[in-house]
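# Chains, contacts and geometry: an overview
Below, each chain spelled out in residue letters.
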Amino acid sequence: MLFSEGKRAVIAGYDAISPLGSELAEQWLNALAGRSGIGPLTRFPLRDDFPVRIAGQVPEIDHLHYPFLTARHQAAWSSPVFKYAMLSAARALERSGIHIDAGLAPRVAVTYSSAVGGIDAILTADRQLQSERKLPHPYANPNSCINMIGGKIAMLTGAKGPILSTITACATGLTSMLVGAMLLAHDRADVAICGAVDCSLVEPILAGFHTMNGAYHPKQGQENEPPARASRPFSVDRRGFVVSEGAGAVILATKEFTAAHGLHPSVELAGWGMTSDAHHFVMPAKDTVQQCMQDALRDAGIVAADIAAVNAHATSTRIGDRVEYDALQTIFAGQLPPVSANKSLMGHAMGASSVIETIFALRGMEESLVLPTINHQPDPEMELDCVTEGARPLVQEHVLKNAFGFGGCNACAVLRKIA
């Protein structure tokens, strides 16, 4: 190890908002029951010819009592990324039991980020400028700055340590955690507020995913298929990802810090890997995906057989799922542990997906349960155990979490249950 054991990152707290619910307990119960959070797209009026009709939408949260949910605050910070991010970070910090006072503030880092950010605010400003010749709101540009998400979290919590925005497309949430762990390992912080938010349910982004052949498109004659059936990772009939939205926050702290403050974390970030495919702007490459997993195992000091379950990236694309499967088959020498694909339940929340899924994996380790993969129809070319019977009781000392993003950004982590 290049750093002391006391600087290893442990999970001090976490929280999420997703299409499965606004409260974490509600989301967990829905996931355990195999309930889908995907339904008709209602974020904006749909033209008859608009190609995307379904999505994973988060519930309304404006009724919750937080200072950043006031009408005045939301008028200025109009993109939902801010209220979702700040809500998840505030609640995760509350759950951690960590109080950021003047003494601790300089030792609290923020790596919370986003893959897309508040682009919806700029789109709204542009439409008003073109149609009404109305100049943009003074907050329009700040709304679109991805680093402003972490900045607002720092202002909310008082964190004054290192702050940066890690952007690795769909791997952003997990990468945020890995970068936070780096800061802890190098003694630049004692606590890190990590995570990601994305709200990509805006017309040009959804239409763009359609033209890329990435977004779910029903088979001819099956246009009336229930939305809840659309997201089906690793299935023989998979037809692309369902775009969704959400946010997740994970509070990392060093072992030294939690011991000194009487905190009792149940899971640690035991090892991680990051690689670049250097291959294609959207198609993953098996060798570098495989290397990323192997690096995470090596960093954790374990072998593949030690992994009890895999929380997969698994977007439901033909090529992406196959590449991940092939890499897993090689890593585990054909002896794959159970594989859980959470996007079957909530769709693909872009950069936020990997941290929300990590939170589900953490909860599963704590409760000795593996979440089901719904809608799975076995692909004869991919033999794997997707826990299709429903949530499965399973003690998990080690879990492998995978996340891969556009541009060939790969991130993998090994989570270890603390005895």
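Here's a quick rundown of the structure. These figures come from a predicted structure and were not determined experimentally.

## Some points on the packing of helix H1 (residues 24-32) against helix H13 (residues 353-367)
Where H1 contacts H13, the axes come no closer than 11 Å and their chain directions differ by 75°. On the basis of their axis angle, the class for H1 and H13 is roughly perpendicular. In this structure, H1 contributes Leu24, Gln27 and Trp28 to the contact, and H13 contributes Ile359, Phe360, Arg363, Gly364 and Glu367. Classifying every residue of the contact of H1 with H13 gives four nonpolar, two polar and two charged.

## Focus: unusual backbone geometry
Residue alanine 333 is not a glycine yet carries a positive backbone phi of 50°. If you trace the backbone, alanine 333 turns up in the loop between helix H11 (318-331) and strand E9 (339-340). With a phi close to 65°, asparagine 375 is a non-glycine residue in the positive phi region. For asparagine 375, the location among the structural elements is in the loop between strand E10 (369-370) and strand E11 (392-393). Since its relative accessible area comes to 16%, asparagine 375 is described here as buried.

## Digging into helix H3 (residues 80-96)
An ideal rise of 1.5 Å per residue puts 24 Å on 17 residues; H3 measures up with 24 Å between its terminal C-alpha atoms. Burial of H3 is extensive: 14 of the 17 residues sit out of reach of the surface. Glycine 97 lies just past H3 and shows a positive phi near 80°.

## Looking at the nonpolar core
Ile11, Met177, Val250 and Leu252 are the most contacted members of the largest nonpolar core, which totals 46 residues. By residue number, the principal contributor to this core is H13, which donates seven residues. Contacts of isoleucine 11, omitting those with residues within four sequence positions, involve Met177, Val250, Ile251, Leu252, Pro265, Val267, Glu268 and Leu362. Within the second largest apolar cluster, 42 residues are counted, among which are Leu69, Ala76, Ala249 and Ile251.

## Describing the side chain of asparagine 402
Within the secondary structure, asparagine 402 sits in strand E12 (residues 398-405). Those residues within four positions of asparagine 402 in sequence are excluded, and the remaining contacts are Met293, Val310, Asn311, Ala312, His313, Glu324, Leu328, Ala411 and Cys412.

## Quick word on a nonpolar patch on the surface
A cluster of nonpolar side chains, namely Met212, Phe281 and Phe406, defines an oily patch on the protein surface of about 300 Å² accessible area. For methionine 212, the position within the fold is in the loop between helix H8 (203-211) and strand E6 (245-254).

## A look at H1
Those residues of H1 not exposed but buried are Leu24, Gln27, Trp28, Asn30 and Ala31. Within H1, the buried residues cover an arc of 165° as seen down the axis, which keeps them to one side. In this fold, the buried residues of H1 make contact with strand E1 (9-17), H3, helix H12 (343-346), H13 and E10. Two residues or fewer after H1 comes glycine 34, characterised by a positive phi angle close to 75°.

Here is what the cut-offs are and how they apply
- Residues numbered from 1 in each chain as written.
- Predicted model: local features only at pLDDT ≥ 70, side-chain atom pairs only at ≥ 80, totals over all residues.
- Heavy atoms only, no water.
- Axes fitted to C-alpha atoms, helices over the stretch in contact; angles between N-to-C directions.
- Helix = DSSP H or I, 4+ residues; strand = E, 2+ residues; numbered from the N terminus.
- Parallel < 35°, antiparallel > 145°, perpendicular 65-115°, else oblique.
- Contact = heavy atoms within 4.5 Å.
- Nonpolar A, V, L, I, M, F, W, Y, C, P; charged D, E, K, R; others polar.
- Buried < 20%, exposed > 50% of the residue type's maximum accessible area, 1.4 Å probe, protein only.
- Expected span 1.5 Å × (residues − 1).
- Core = buried A, V, L, I, M, F, W, Y, C linked by side-chain atoms within 4.5 Å.
- Patch = residues over 30% accessible without salt bridge, like charges linked within 9 Å, V, L, I, M, F, W, Y side chains within 5 Å.
- Areas by Shrake-Rupley, 256 points an atom, 1.4 Å probe, with all protein chains shown as cover.
- Salt bridge = Lys/Arg side-chain N within 4 Å of Asp/Glu carboxyl O.
- Arc of directions from axis to C-beta.

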